[in-house]
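# Results of the structural survey
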Amino acid sequence: MNRQDFPILKEQVHGQPLVYLDNAATSQKPQAVLDAIVEAYTHWNSNIHRGVHHLSQVATLKHEEARRAVADFIHARSSDEIIFTKGTTDAINALAFSVGELLLHEGDEIIVSGLEHHSNIVPWQMVCERKKAVLRHIPLREDLSLDIEAFRALLNDKTRLVSVAHVSNVLGTIQPVETIVRLAHERHIPVCIDGAQSVPHMRVDVQALDCDFLAFSGHKMYGPTGIGVLYGKREWLEQLPPHEGGGEMINHVRWSGTTYNELPYKFEAGTPNFVGSYALQKAIEYMQSVGMEAIEAHERELTDYCEAQLSAIDGVHIYAAGQPKAGVISFNVQSQISNHKSQITNLIHPFDIGTLLDQQGVAVRTGHHCAEPLIDALAVPGTVRVSFGLYNDLHDIDLFIQALQKAQMMLS
Ligand code: PMP
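All values derive from a computational prediction rather than experimental measurement. (Residues numbered from 1 in each chain as written. Predicted model: local features only at pLDDT ≥ 70, side-chain atom pairs only at ≥ 80, totals over all residues. Heavy atoms only, no water.)

Attention shifts here to the overall build of the protein chain. When its secondary structure is counted, the protein chain shows 13 helices and 18 strands. A globule of 412 residues ought to have a C-alpha radius of gyration of about 22 Å, and the protein chain, at 23 Å, matches this closely. Dimensions of the protein chain, computed from the C-alpha atoms along their principal axes, are close to 85 × 55 × 35 Å. Going through the 412 residues of the protein chain one by one, you find that 54% of them count as buried. When contacts within the protein chain are restricted to residue pairs at least 6 apart in sequence, those whose partners lie at least 24 apart make up 69%. With the model as given, the accessible surface of the protein chain reaches about 17,500 Å², and the carbon-plus-sulfur share is 51%. Side-chain charges in the protein chain split into 32 positive and 49 negative, and the spacing between the mean points of these groups amounts to 4 Å. (Helix = DSSP H or I, 4+ residues; strand = E, 2+ residues; numbered from the N terminus. Rg over C-alpha atoms; globule rule 2.2 N^0.38 Å. Buried < 20%, exposed > 50% of the residue type's maximum accessible area, 1.4 Å probe, protein only. Contact = heavy atoms within 4.5 Å. Areas by Shrake-Rupley, 256 points an atom, 1.4 Å probe, with all protein chains shown as cover. Lys, Arg positive; Asp, Glu negative; His and termini not counted. Charge placed at Lys NZ, Arg CZ, Asp CG, Glu CD.)

And the structure:
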């Protein structure tokens, strides 16, 4: 699907055609996004919002158009609810700081889940430490799904916010965020969704989900690095204090004190990444031209095909096997050593698999995937993770499976 739009896919790695299966870490960029970056710096680069001159007005217009494009893409009520950030990590750190100031007191509680990326754990740990609050997590069931009954029991009068990943970056599993939002809202507790792994792969509608906040990264959705989004419901953003001070986020600065700008600028201190926002808009337009439903269906086909191929290999263990996934599969491989008496199996270190795959031109990710609590729960040193983008095809998976079988043989 649309492979020719991504120039990097023509690259060779170690003399082999590139098979890029590390999309959960970052996606490749279509020509339209590359062109947008060159266009911005070639034709209208200028600092935004404060300029009376032509280029500054063009740049301002482009940045605000991009904000509207993002708002439409996730179906926000207003573009004032879209705050540009550096990415998901930056968005969650900003939110954690502001929530800490507004809502957290000694003994209060924040809930995350047992399968979060570090960027949806550590900012909450930091703010909990600062405010002497407590970070709780929803435990996992044996099948690695979230224990919703346990979540229900965790919610109490001290809970101030719930923050969960929509799609696990390790397992690819889709979390029941609608149920989580409903249960939290029954107690008037706001919910943040980490959409880093969902927004690139499926239609995410913040009004349908009724989430209070959503964080995601441009670079995982065919856009550039250094741009991301924190969506927040207006009623929350209006109450939350800014997390950073500087230019742009102020109304007036006097020695006697400062008043803050209106939404969304209150949360955008300093010169924003206006080239990044423009290129992100081009990435969104690219995804929309393919169609979010088509992307989702295509990636589901790839995931199902890959999981079926993997499960046919002796010694491959897939995590959360058989559960619906959004373009990510994690697994481990056992070596197959037979002597005349018995078969001995041993876990091959994921790093060794990744290295041998790389030598065959196949890019996958290995290790803890910035989710150490989950990897600890799996009781393994890490996993091998393949993750798909809209440009991958069944041939990529065939090449990957051949390369994996060769790696397993070499390491057995
Ligand atoms: N959350 C999840 C679920 C992720 O997969 C990632 C990226 N691996 C992040 C957060 C962090 O994203 P970024 O590094 O773009 O800030």
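Next comes the rest of the description.
All residues in the neighbourhood of the ligand are listed as T88, T89, H117, S119, N169, D194, A196, Q197, S217, H219 and K220. At 3.4 Å, a backbone N or O of T88 approaches an oxygen atom of the ligand. At a separation of 2.5 Å, an oxygen atom of the ligand approaches a polar side-chain atom of T89. Protein chains bury 86% of the 400 Å² of accessible surface belonging to the ligand in isolation. In terms of residue class, the shell around the ligand is made up of one nonpolar, eight polar and two charged. (Near = heavy atom within 4 Å. Polar contact = N/O pair within 3.5 Å; in protein donor to acceptor, adjacent residues only side chain to side chain. Nonpolar A, V, L, I, M, F, W, Y, C, P; charged D, E, K, R; others polar.)

The tally for this structure, following the rule as stated, stands at seven aromatic pairs. Seen from their ring centres, F6 and Y222 are 5.9 Å apart, and the 65° between their planes marks the pair as edge-to-face. Taken as a pair, F6 in the segment before β1 (12–13) and Y222 in the loop between β9 (213–217) and β10 (228–232) lie far apart in primary sequence, 216 residues in all. Looking at F6, the relative accessible area reads 0%, which means it is buried. Grouping aromatic residues by their ring pairs yields a cluster made of F6, Y222, Y286 and Y391. (Phe/Tyr/Trp six-rings, centres within 6.5 Å; stacked < 30°, edge-to-face > 60°.)

This part covers the domain arrangement of the protein chain. The domain boundaries assigned to the protein chain delineate domain 1 (32–289) and domain 2 (292–411). Of note, the centres of domain 1 and domain 2, computed from C-alpha atoms alone, are 31 Å apart. The interface is formed by 26 residues belonging to domain 1 together with 29 residues belonging to domain 2. For the pair domain 1 and domain 2, the summed buried area comes to about 2,300 Å², and 63% of that belongs to carbon and sulfur atoms. By the criterion of area lost to domain 2, the three top residues of domain 1 are H118, V170 and H201, representing 26% of everything that side buries. (Domains from an automatic or database assignment. Buried area = accessible area lost by both parts, 1.4 Å probe.)

Counting across every chain of the model gives one cavity of 30 Å³ or more. Lining the largest cavity we find A94, L95, S98, L230, L237, L240, H243 and F267. Sort the elements by how many residues they give to the lining of the largest cavity and helix α3 (residues 88–103) lands first, with three residues. In terms of residue class, the lining of the largest cavity is made up of six nonpolar, two polar and no charged. (1 Å grid on protein atoms, 1.4 Å probe; cavity = no way out; pocket = protein on both sides within 12 Å on 5 of 7 lines; lining within 4 Å. Points joined across faces, edges and corners; volume = space filled by probe spheres on them.)

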